[in-house]
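Analysis of the macromolecular model
So you can see what is in the structure, the chains are spelled out below.
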Amino acid sequence: MREALNFAESIDIDGPELAPDAVIAPLPRISVQAFCETPGLAAVIEESTHDRRMARAHVKVHMGGAPAALEAYQAAPTPNLLVLESSADPAQMIHHLDALAELCDAATRVIVVGPVNDVSFYREMIKRGVSDYLILPVTPLGFIQSASGLYAASGAESVGRAIAVVGTKGGVGASTVAHNLAWAIAVAQKVNTVIVDLDLGFGTAALDFDQDPPQGVADAVFAPDRIDANLVDRLLAKCSDNLSLLAAPALLDRVYDLQETAFDAVIDVLRASTPCIVLDIPHVWTSWAKRVAVGADEVIVVAEPDLASFRNVKNIFGALKQARPNDRPPKLVVNKIGVPKRPELPLADFAKVLEIEPMASIPFDAALFGSALNNGRMIMEMQGTGKVPDIFAQLATAALGRQPIVKNKTSLLAPILKKLRRG
Ligand SMILES: Nc1ncnc2c1ncn2[C@@H]1O[C@H](COP(=O)(O)OP(=O)(O)O)[C@@H](O)[C@H]1O
Ligand SMILES: [Mg+2]
């Protein structure tokens, strides 16, 4: 508990205000014990345990504040993270912290939560090794961000953004969107990116990028104890300057009945070293597939304009919203618009009935997508500019949280403005 801590770094004087796109790293497998004084804070910490970033932490909430903690740790070891609510007067809290310091394990971090907004009180607490002080009221996400900040490897900057792409049916183009999105992020946005093909038996990422890697994601999934940054580095195939691929074996010599946590280790390692990870999830609803989608920072759902997709969008959005209470809803991409002679559900119905505004709609273009596929090239490589490459470019900025997507609505004044510019 008594560690030298940097005052400026550890105290969040303005309270837990989050940038809308801040990536908060998931907490490691730590024990967390909170001693609350008010039911309000106890409820906030209980609520935080339902967040995806807390899935691995073991959290216990007690009442009674610092005095109860003092009593509990006379006999029991202290947890990795101790949370104390202090509505008592500051002098009494300092007194409790001094007494607790005698009992605390050296590795135990302490977060204090209280109503007092006073710099000299902060300083006294920091001197005593408190890692963070949160001013009430605290939100579940504010608490998670504070706790995560204490355990993230080397600051929030090094935490990679994980973007999961899932389809509402097989063949809707989820992999196509995932691959082209990863390309646009890596090449157009110049963000170092890894694409992970989670379709172990049938994944096409290696074909789509014209790669023939000897190893790939299966070696990482089947050797969870050996996974580290070096191993994952050796498994990556380079697709371009900023883009690497963790390919699927696409061999049927074994079956792939994966455990729920199969991809945890490899995603953790990638998050620590790569700014952006695109997860191409096959069309299944297994424990591991749900876990990967729920754990991502951003989820993109790819649908076709038909009834089955319509129903599945509703269900996927519902399941993910419930499992990700503190996250924005997934983003919807409707693909293969305008297949010749095929009746379609109008896009406006997605927006009206499901109250989900598609973020992008991609036209069906058999020639363009077919020749990209046959040549092992991405759409942006086939066509520098045009409607489809522009959509992927916009998707990339939106998925990175860089700017909201702008709809390609041509203004009535556009032809006049064009003429004026020419003249
Ligand atoms: N907008 C599109 N126009 C034409 N063909 C497309 C389009 N999007 C995807 N495809 C094609 O559809 C097929 C299935 O795509 P894929 O990405 O493998 O689907 P999923 O991963 O959802 O199963 C591929 O042959 C792909 O080239
Ligand atoms: Mg696929």
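Residues numbered from 1 in each chain as written. Chains lettered and ligands numbered in written order. Predicted model: local features only at pLDDT ≥ 70, side-chain atom pairs only at ≥ 80, totals over all residues. Heavy atoms only, no water.

What about helix α5 (residues 119-127)?
For α5, the complete set of buried residues consists of F121, Y122, M125 and I126. The buried residues of α5 occupy one face: seen down the axis, they fall within an arc of 135°. At the exit of α5 stands G129, carrying a positive phi of roughly 90°. (Buried < 20%, exposed > 50% of the residue type's maximum accessible area, 1.4 Å probe, protein only. Helix = DSSP H or I, 4+ residues; strand = E, 2+ residues; numbered from the N terminus. Arc of directions from axis to C-beta.)

Looking at the side chain of D297
Its place among the elements puts D297 in the loop between α12 (287-295) and β11 (298-303). Side-chain polar atoms of D297 contact the side chain of R52, separated by 3.5 Å. Only 3.0 Å separates the side chain of D297 from the side chain of R271, close enough to count as a polar contact. Dropping the residues within four chain positions of it, D297 is found in contact with V23, R52, G160, R161, A162, R271 and R324. (Polar contact = N/O pair within 3.5 Å; in protein donor to acceptor, adjacent residues only side chain to side chain. Contact = heavy atoms within 4.5 Å.)

Thoughts on the sheet that holds strand β3 (residues 81-85)
One open sheet accounts for 5 strands, arranged β2-β1-β3-β4-β5; its pairing is parallel. Only two strands of the sheet have a single partner each, and these edge strands are β2 (58-63) and β5 (132-135). Neighbouring strand axes in the sheet, compared pairwise and without regard to direction, differ in orientation by 15° on average. Here β3 runs beside strand β4 (residues 109-114); their pairing, made up of 5 bridges, is parallel. Note on β4: the bridge partner recorded for L82 is V110. In the packing of helix α2 (residues 39-48) onto the sheet, contacts are made with β1 (31-36), β2, β3 and β4, and the angle to β2 comes to roughly 170°. (Pairing = 2+ DSSP bridges. Axes fitted to C-alpha atoms, helices over the stretch in contact; angles between N-to-C directions.)

So, the side chain of Q33
With respect to the helices and strands, the residue Q33 is situated in strand β1. Looking at Q33, the relative accessible area reads 19%, which means it is buried. Separated by 2.9 Å, the side chains of Q33 and Y73 make a polar contact. Contacts of Q33, omitting those with residues within four sequence positions, involve K60, H62, Y73, P79, L81, L82 and V83.

Brief notes about the sheet that holds strand β8 (residues 237-240)
Adjacent strands of a sheet form backbone hydrogen bonds with each other and so pair up, either parallel or antiparallel. Across the sheet, 8 strands lie side by side as β8-β9-β7-β10-β6-β11-β12-β13; this open sheet has mixed pairing. In the strand order of this sheet, the two ends are held by β8 and β13 (360-363), each with one partner. Taken over all neighbouring pairs, the strand axes of this sheet differ in orientation by 25° on average, direction set aside. Relative to strand β10 (residues 276-280), strand β7 (residues 193-197) runs parallel, the two sharing 5 bridges. Across the sheet, I195 pairs through a bridge with V278, a residue of β10. This element, helix α11 (residues 264-273), spans β6 (161-167), β7, β9 (243-246) and β10 of the sheet and lies at about 150° to β10.

Regarding the site of ligand 1
Neighbouring ligand 1 are 15 residues, the closest being G171, A174, S175, T176 and N335. K336 places a polar side-chain atom, nitrogen or oxygen, 3.0 Å from an oxygen atom of ligand 1. Between a nitrogen atom of ligand 1 and a main-chain N or O atom of P363, the distance comes to 3.0 Å. Summarising the interface, the protein chains cover 78% of the accessible area of ligand 1, which totals 570 Å² for the free molecule. According to the grid-proximity analysis, the pocket containing ligand 1 is the largest pocket. Residue assignment for the shell around ligand 1 shows that the elements contributing at least two residues are α7 (174-188), β12 (331-337), β13 and α15 (366-375). No other element matches the 3 residues that α7 contributes to the shell around ligand 1. (Near = heavy atom within 4 Å. Areas by Shrake-Rupley, 256 points an atom, 1.4 Å probe, with all protein chains shown as cover. 1 Å grid on protein atoms, 1.4 Å probe; cavity = no way out; pocket = protein on both sides within 12 Å on 5 of 7 lines; lining within 4 Å. Sits in = over half its atoms within 2 Å of the grid points.)

A word on the packing of aromatic side chains
By the definition in use, this model includes 6 aromatic pairs. With 5.6 Å between their ring centres and 80° between their planes, F35 and Y73 make a pair best called edge-to-face. With a gap of 38 residues between them, F35 in strand β1 and Y73 in the loop between α3 (65-72) and β3 connect regions that are remote in the sequence. Judged by its relative accessible area of 2%, F35 falls in the buried class. Cluster of aromatic residues (ring-pair linked, three or more members): F121, Y122 and Y133. Taking NZ or CZ as reference, R109 lies 5.4 Å from the ring centre of Y151, over its face. The residue whose ring lies beneath R254 is F222, and the NZ or CZ to ring-centre distance is 3.7 Å. (Phe/Tyr/Trp six-rings, centres within 6.5 Å; stacked < 30°, edge-to-face > 60°. Lys NZ or Arg CZ within 6 Å of the ring centre and 35° of its normal.)

Observations concerning the packing of α2 against helix α6 (residues 140-151)
Two packed helices can be described by the angle between their axes and the distance between those axes. Where α2 meets α6, the axes come as close as 8 Å, and the angle between the chain directions of the two elements is 70°. Here α6 runs roughly perpendicular to α2, going by the angle between their axes. Pair α2 / α6 crosses with right-handed handedness. Between α2, through V44, I45, E47 and S48, and α6, the contact on the second element is made entirely by P140, F143 and I144. Its residues assigned to classes, the contact of α2 with α6 comprises 5 nonpolar, 1 polar and 1 charged. (Parallel < 35°, antiparallel > 145°, perpendicular 65-115°, else oblique. Left-handed = near helix turned anticlockwise from the far one by under 90°. Nonpolar A, V, L, I, M, F, W, Y, C, P; charged D, E, K, R; others polar.)

Limitation: the analysis is restricted to geometry and does not speak to function.
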